Amino acid sequence: RKEVEQDPGPFNVPEGATVAFNCTYSNSASQSFFWYRQDCRKEPKLLMSVYSSGNEDGRFTAQLNRASQYISLLIRDSKLSDSATYLCVVNPPPSYGKLTFGQGTILTVHP
Amino acid sequence: DAGVIQSPRHEVTEMGQEVTLRCKPISGHDYLFWYRQTMMRGLELLIYFNNNVPIDDSGMPEDRFSAKMPNASFSTLKIQPSEPRDSAVYFCASSQQGGNTEAFFGQGTRLTVV
């Protein structure tokens, strides 16, 4: 089983739509969780951290369910500029020094 | 700060040649990571350093790959000899507190081995 698994995608949605991405992780002792965004032929950049209580940043909401080892990202009112690959990222043991990335989910928002 | 700086941005080399990728992390960051990205395998961690010391190199594919960090402001990833299957984008990233904080990525080196 992969350490981090994401929805295969791709997602193709119209502007204004709400879209949700899911991710599962294999190691229950993982400590930190993130969503990164990667534009085509660019480097990954942090979109938001994911906290147990859930957190929101504008149109973006992230949720963590430790019992199910599940992370989600919800994007409301999609914009053309949201088109990118979204990467689920986990910080696993034993050293917690590294970040393990999922394969990514491609989102395309069309007019 | 200029961010993480990688060089070269693009590298085309012939099979069997030695390739050296370079990285300058953000000043003050104690962790440095080397990742490789391909369509098939996504982003894979090759090796990471803490305070210039290699901590986990379990992702290094084989003995042809080696990485060094002689000081806090410079790291290299070397492939010798290179093979076509090494073709990928290689990213260097740095962070202040390892996996608990944001990792900042360089723009990557796109390596093509022909």
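Residues numbered from 1 in each chain as written. Chains lettered and ligands numbered in written order. Predicted model: local features only at pLDDT ≥ 70, side-chain atom pairs only at ≥ 80, totals over all residues. Heavy atoms only, no water.

Caption draft 1: Summary view of the sheet that holds strand S7 (residues 65-71) of chain B. Residue and element names in this part refer to chain B. The sheet built from four strands is open, its strands ordered S1-S3-S8-S7 with antiparallel pairing. The open sheet has two edge strands with one neighbour each: strand S1 (5-7) and S7. In this sheet, adjacent strand axes meet at a mean angle of 15° when their direction is disregarded. As paired strands, S1 and strand S3 (residues 19-24) are joined by three bridges and run antiparallel to one another. Bridge assignment links Ser7 to a residue of S3, and that residue is Arg22. (Pairing = 2+ DSSP bridges. Helix = DSSP H or I, 4+ residues; strand = E, 2+ residues; numbered from the N terminus. Axes fitted to C-alpha atoms, helices over the stretch in contact; angles between N-to-C directions.)

Caption draft 2: Molecular detail of the pattern of salt bridges. Scanning the model with the defined rule gives 13 salt bridges over all chains in all. Close ionic contact of A:Arg59 with A:Asp82 constitutes a salt bridge, the shortest N to O distance being 2.8 Å. Of the two residues, A:Arg59 sits in the loop between strand S6 (55-57) and strand S7 (60-65) while A:Asp82 sits in the loop between strand S8 (70-75) and strand S9 (84-91), which places them 23 residues apart along the sequence. Judged by relative accessible area, A:Asp82 falls into the buried class, the value being 2%. A cluster of three or more residues bridged by salt bridges with shared partners is formed by B:Glu62, B:Arg64, B:Glu83, B:Arg85 and B:Asp86. (Salt bridge = Lys/Arg side-chain N within 4 Å of Asp/Glu carboxyl O. Buried < 20%, exposed > 50% of the residue type's maximum accessible area, 1.4 Å probe, protein only.)

Caption draft 3: Main features of the sheet that holds strand S3 (residues 19-25) of chain A. Residues and elements named next belong to chain A. As summarised here, the arrangement of the five strands in space is S1-S3-S8-S7-S6, forming an open sheet in which the pairing is antiparallel. One side of each edge strand has no neighbouring strand; the edge strands of this open sheet are strand S1 (4-6) and S6. Strand-to-strand twist across the sheet, computed as the mean angle between neighbouring axes with direction ignored, equals 15°. Two elements, S3 and S8, share six bridges in a ladder whose sense is antiparallel. By the bridge assignment, Val19 is partnered in S8 with Ile75.

Caption draft 4: The arrangement of unusual backbone geometry in detail. Put simply, B:Ser7 and B:Pro8 share a cis peptide bond, and its omega is -10°. Along the chain, the position of B:Pro8 falls in the loop between S1 and strand S2 (10-13). In this chain, B:Gln80 is followed by B:Pro81 through a cis amide linkage whose omega measures -5°. With respect to the helices and strands, B:Pro81 occurs in the loop between strand S8 (74-79) and strand S9 (88-95). In the Ramachandran plot, A:Gln69 falls in the positive-phi region, its phi being about 55° despite a non-glycine side chain. Structurally, A:Gln69 is set in the loop between S7 and S8. Here the phi dihedral of A:Asp77 falls at roughly 50°; this positive angle occurs in a residue that is not glycine.

Caption draft 5: Quick look at the state of the cysteines. According to the stated counting rule, one finds two disulfides over all chains in the structure shown. Here A:Cys23 pairs with A:Cys88 through a disulfide, and the sulfurs are 1.9 Å apart. On the sign convention where negative means left-handed, the S-S torsion of about -75° between A:Cys23 and A:Cys88 marks this disulfide as left-handed. Residue A:Cys23 is located in strand S3, and its partner A:Cys88 is located in strand S9; the two are separated by 65 residues in the primary sequence. With respect to burial, A:Cys23 and A:Cys88 carry one shared label: buried. Note on cysteine connectivity: B:Cys23 is disulfide-linked to B:Cys92, with sulfurs 1.9 Å apart. The sign of the S-S torsion, about -65°, decides the handedness of the disulfide formed by B:Cys23 and B:Cys92: left-handed. Taken together, the residues B:Cys23 in strand S3 and B:Cys92 in strand S9 connect sequence positions 69 residues apart. (Disulfide = S-S within 2.5 Å.)

Caption draft 6: Here's a closer look at the interface of chain B and chain A. Counting residues at the interface gives 23 residues for chain B, matched by 19 residues for chain A. Buried surface at the junction of chain B and chain A, both sides included, amounts to about 1600 Å², of which 48% is carbon and sulfur. Where chain B touches chain A, the interface holds one salt bridge. Between A:Lys98 and B:Asp56 there is a salt bridge; the shortest N-O distance is 3.4 Å. The tally of links between chain B and chain A comes to eight residue pairs in polar contact (both at pLDDT 80 or more). Looking at the side of chain B that touches chain A, the elements with two or more residues in it are strand S4 (31-38) and strand S5 (42-50) of chain B. The class makeup of the residues in the side of chain B that touches chain A is 11 nonpolar, eight polar and four charged. (Contact = heavy atoms within 4.5 Å. Buried area = accessible area lost by both parts, 1.4 Å probe. Polar contact = N/O pair within 3.5 Å; in protein donor to acceptor, adjacent residues only side chain to side chain. Nonpolar A, V, L, I, M, F, W, Y, C, P; charged D, E, K, R; others polar.)

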